[in-house]
Amino acid sequence: MHLTYAFLAAIIAALMSQSALPAAPTLDYDVFKTRIQPIFIAKRAGHARCVSCHSSATAFRLGPVAPGEKSWNDEQSRKNFEAVRRVAVPGSLQSRILVHPLAEAAGGDFFHNGGKHWQSQNDPEWQTLKAWILGQEGAR
């Protein structure tokens, strides 16, 4: 009987500790639209804009920016958000969007057709993406 009580107490303690765990982060659409999408159209020395390749012929596909426009409209942004959700796992620093364009020496994977856009995890764009994926205030 004493063993049964100890077992039940352990189960109750485990359940209580699980309810105390912080909620998993979510990907905030408004932050995506205002802080993340501009990264995809930013010009970087020695590299094409992300959207140049990722608007066709890649598994991660953004909508093209309309001629004469500097960004996407809300409908296009929502489609882009859904596309990005396939490569950005909330709470995961191993999300493809973080490791694929990051230099291997800085923790990225070994190859990205568009080159390594960020040489360091200290890059402000990389930091913005990281904060967004982790649900941190720094992405806002």
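The text that follows walks through the structure, step by step, so that each part is easy to find.

**Comments concerning helix H2 (residues 29-41)**
Given 3.6 residues per turn, any residue in an α-helix points the same way as the ones three and four places further on. Over its 13 residues, H2 extends 17 Å from the first C-alpha to the last, a length consistent with the 18 Å expected when each residue adds 1.5 Å. Those residues of H2 not exposed but buried are Tyr 29, Val 31, Phe 32, Ile 36, Gln 37, Ile 39, Phe 40 and Ile 41. Contacts from the buried residues of H2 go to helix H3 (50-54), helix H4 (74-84), helix H5 (96-99) and helix H6 (124-134).

**Some points on the packing of H2 against H4**
For any two helices packed against each other, the geometry comes down to the angle between their axes and how far apart the axes lie. Running from N to C, H2 and H4 point in directions that differ by 85 degrees, and their axes come no closer than 10 Å. Of the possible angle classes, the one that applies to H2 and H4 is roughly perpendicular. Together, Tyr 29, Phe 32, Lys 33, Gln 37 and Phe 40 of H2 and Asp 74, Ser 77, Arg 78, Asn 80, Phe 81 and Val 84 of H4 make up the contact between the two elements. Taken together, the residues of the contact of H2 with H4 break down into five nonpolar, three polar and three charged.

**Side note on the packing of H2 against H6**
Two elements in contact, H2 and H6, have axes separated by 10 Å at closest approach and are oriented at 145 degrees. Where H2 crosses over H6, the two elements pack in a sense that is left-handed. In this structure, H2 uses Val 31, Phe 32, Arg 35, Ile 36 and Ile 39 to contact H6, whose residues at the interface are Glu 125, Thr 128, Leu 129 and Trp 132. Looking at the contact of H2 with H6 residue by residue, the classes come out as six nonpolar, one polar and two charged.

How each quantity is defined
- Residues numbered from 1 in each chain as written.
- Predicted model: local features only at pLDDT ≥ 70, side-chain atom pairs only at ≥ 80, totals over all residues.
- Heavy atoms only, no water.
- Helix = DSSP H or I, 4+ residues; strand = E, 2+ residues; numbered from the N terminus.
- Expected span 1.5 Å × (residues − 1).
- Buried < 20%, exposed > 50% of the residue type's maximum accessible area, 1.4 Å probe, protein only.
- Contact = heavy atoms within 4.5 Å.
- Axes fitted to C-alpha atoms, helices over the stretch in contact; angles between N-to-C directions.
- Parallel < 35°, antiparallel > 145°, perpendicular 65-115°, else oblique.
- Nonpolar A, V, L, I, M, F, W, Y, C, P; charged D, E, K, R; others polar.
- Left-handed = near helix turned anticlockwise from the far one by under 90°.

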